[in-house]
Amino acid sequence: MKLPPIGQLGPFIALLIACAIFGTTTDRFFSGENFSLILQQVMVVGVIAIGQTLIILTAGIDLSCGMVMALGSIVMTKFAADLGLPAPLAVLCGVGATALFGLLNGLLVTRIKLPPFIVTLGTFNIAFAVTQLYSGSQTITEVPSMMTWLGGTFALGDTNVAYGTVLMIALYLGVWFWLRETASGRHLYAVGNNPEATRLVGIPTDRVVLGAYVLAGVFYGIASLLSVARTGVGDPNAGQTEALDAITAVVLGGTSLFGGRGVVIGSLIGAVVVGVLRNGLTLMGVSSVYQVLITGILVILAVAIDQLSRKGAR
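Quick look at the structure, then. (Residues numbered from 1 in each chain as written. Predicted model: local features only at pLDDT ≥ 70, side-chain atom pairs only at ≥ 80, totals over all residues. Heavy atoms only, no water.)

## Here we look at the side chain of T77
Worth spelling out the cut-off: Working definition: helices are DSSP H or I runs of at least four residues, strands are E runs of at least two. Numbering for both runs from the N terminus. Buried, partly exposed and exposed residues are distinguished by accessible area as a fraction of the type maximum, computed with a 1.4 Å probe on protein chains only: under 20%, between the cut-offs, and over 50%, respectively. Two N or O atoms count as a polar contact when they lie within 3.5 Å, although within protein this holds only if one can serve as hydrogen donor and the other as acceptor, and sequence-adjacent residues are included solely when both atoms are side-chain atoms.
Its place among the elements puts T77 in helix α3 (residues 65–81). Taking the relative accessible area as the measure of exposure, T77 reaches 0% and is therefore buried. A distance of 2.7 Å separates a polar atom in the side chain of T77 from the backbone oxygen of S73.

What follows is the structure, given as structure tokens:
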């Protein structure tokens, strides 16, 4: 029986090690409520990381994802509170706004051939400015209860599990199946691995990349809804660190920054690893500065391992 490559096993091994360490240092770590809390804390970044994974698989990157998510949350809450739209329609408008930003990113990358780093750095600032201007830099508090439903919980044994957590896991399973079992999903890997060879066999590489950015925008919109559900407000100052957190989750999850390699479930594990580290260190009373330090070291190690594995494969 052939074992998965170390790049796929690494994130899971890191998660097990982190859980073992924190489980022996604090009694509160191994409890259903604590694990449920960790998943609730990472569900927004986890869904953003799905979109980020799709883009990184094509050898791109999206620095705008956090601010686009914040814009989506402001659009859907403002449309519901100020325009009186029904909650489902307001949510669709918010998701539409984030998908439009994905379309903009994709068109600039595929049609004008601008580097994804520069494009998304620019749209990060555009999304931030639009969010602040449209919201008047004010938090939207009059949020319909239907928009916060995913932040509610249900009992699973002695543990309360958030509906948003279930949605996040379902999205990961769906995208994992799509990438693994469908031709369009495999095209993402082909484009990231060798775009020129992919083009020569008749696959429309620009259309694949454009589709990845638009689909990523849809996931940012879903993350917007989860953010509103978790906090109960539309916050124009949200999303300023989510881009780095999402990229961290994807890299820790074993997806190569050079494109063409990775498993989307790894991004979920990467997000949980970061959540476990922050939760465990908080329970131990460790300063948040050290949490950021350790996360940064882990990212560098993950990229270094990816580089070494690529050199070894040549």
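## Some remarks on the packing of aromatic side chains
Centre-to-centre distance and the angle between the planes together describe a pair of aromatic rings. This is how it is decided: Two rings belonging to Phe, Tyr or Trp (six-membered ring only in the last case) form a pair when the distance between their centres is within 6.5 Å. Interplanar angles under 30 degrees mark stacking, angles over 60 mark edge-to-face geometry, and anything in between is tilted. Each ring is checked for a lysine NZ or an arginine CZ that lies within 6 Å of its centre and within 35 degrees of its normal; such an atom marks a charge sitting over the ring.
With the rule as written, the count across this model stands at seven aromatic pairs. Where W149 meets Y163, the ring centres are 4.4 Å apart and the plane angle is 20 degrees; that geometry is what we call stacked. Highlighted residues: W149 in the loop between α5 (116–135) and β1 (153–156) and Y163 in helix α6 (residues 163–181), separated in sequence by 14 residues. Residue classification places Y163 among the partly exposed positions, given a relative accessible area of 28%. Of the aromatic side chains, those joined through ring pairs into one cluster are F22, F29, F30 and F35. Cation over ring: K78 sits above Y134, and NZ or CZ is 5.3 Å from the ring centre. Directly above the ring of Y189 sits R186, whose terminal nitrogen or CZ lies 4.8 Å from the centroid.

## Quick notes on a nonpolar patch on the surface
Heads up, the rule is: Each patch is built from salt-bridge-free residues with over 30% relative accessible area, joining like charges within 9 Å and nonpolar side chains (Val, Leu, Ile, Met, Phe, Trp, Tyr) within 5 Å. Note on areas: Shrake-Rupley, 1.4 Å probe, and residue coverage restricted to the protein chains presented here. Here a salt bridge means any side-chain nitrogen of Lys or Arg lying within 4 Å of a carboxyl oxygen belonging to Asp or Glu.
On the surface, V289, Y290, L293, I294, I297 and L301 cluster together into a nonpolar patch covering about 570 Å² of accessible area. Mapped onto the fold, Y290 is located in helix α12 (residues 288–313).

## Describing unusual backbone geometry
In most cases, non-glycine residues show a negative phi, while peptide bonds are predominantly trans. The phi angle at A59 is positive, at roughly 70 degrees, despite the residue not being glycine. Topologically, A59 is positioned in the loop between α2 (32–57) and α3. Looking at A59, the relative accessible area reads 39%, which means it is partly exposed. Of note, S137 is a non-glycine position whose phi angle comes to about 60 degrees, a positive value. With respect to the secondary-structure elements, S137 resides in the loop between α5 and β1.

## Comments concerning the packing of α3 against α5
Operational definition: Angles shown run from 0 to 180 degrees and are taken between the N-to-C directions of axes, each axis being a line fitted to C-alpha atoms and, for helices, limited to the stretch in contact. In what follows, roughly perpendicular refers to angles from 65 to 115 degrees, roughly parallel to angles under 35, roughly antiparallel to angles over 145, and oblique to any angle outside these ranges. Two helices that cross are described as forming a left-handed crossing if the nearer one is turned anticlockwise from the farther one by less than a right angle, and a right-handed crossing if clockwise. Any pair of residues with heavy atoms lying within 4.5 Å of one another is described as a contacting pair. All residues other than Ala, Val, Leu, Ile, Met, Phe, Trp, Tyr, Cys, Pro, Asp, Glu, Lys and Arg, Gly among them, are scored as polar; the first ten of these are nonpolar and the last four charged.
Running from N to C, α3 and α5 cross one another at 25 degrees; their axes reach a closest spacing of 8 Å. Comparing the axis directions of α3 and α5 gives the class roughly parallel. The two elements α3 and α5 cross, and the hand of that crossing is left-handed. Where α3 approaches α5, its residues M67, V68, A70, L71, I74, V75, K78 and F79 are matched on the opposing element by F124, A127, F128, V130, T131, Y134 and S135. Here the residues of the contact of α3 with α5 sort into twelve nonpolar, two polar and one charged.

## Concerning the nonpolar core
For clarity, the threshold we go by: Joining through side-chain atoms within 4.5 Å is the link that ties buried Ala, Val, Leu, Ile, Met, Phe, Trp, Tyr and Cys residues into a set, and such a set is a nonpolar core.
Counting residues in hydrophobic clusters, the biggest one holds 80 residues, and the most contacted among them are I48, M147, L179 and V276. Beyond its immediate stretch of four places on either side in the chain, L179 contacts L54, L57, G185, R186, L188, Y189 and V264.

## Concerning the environment of S267
Along the chain, S267 turns up in helix α11 (residues 264–283). Note on S267: relative accessible area 0%, which makes it buried. Remark: the alpha-carbon pair of S267 and V95, spanning 172 residues in sequence, is separated by 22 Å. Excluding residues within four positions of it along the chain, S267 makes contact with A49, T53, Y172, A249, V250, G253 and T255.

## Some details on the pattern of salt bridges
By the definition in use, this model includes five salt bridges. Where R180 meets E181, a salt bridge forms, and the shortest distance between an N and an O atom there is 3.2 Å. Here E181 falls in the partly exposed class, since its relative accessible area comes to 47%. With its nearest N and O atoms 2.5 Å apart, the salt bridge here joins E196 to R199. Placement of both E196 and R199 in helix α8 (residues 195–200) is noted, with a separation of three residues, approximately one turn of the helix. According to the relative accessible area criterion, R199 is partly exposed, its value standing at 44%.

## Observations concerning helix α7 (residues 183–193)
Structurally, the α-helix is built with 3.6 residues per turn, so residues lying three or four positions apart point the same way. Rules: Each direction from the helix axis to a C-beta atom contributes to the arc, which is the arc of those directions.
All of the buried residues along α7 are G185, L188, Y189, V191 and G192. Around the axis of α7, the buried residues are gathered within 165 degrees of arc, so they sit on the same side. Looking at α7, the residues exposed on the side facing more than 90 degrees away from the buried face are A183 and N193. Its buried side turned inward, α7 meets α2, α6, α8 and α9 (205–231).

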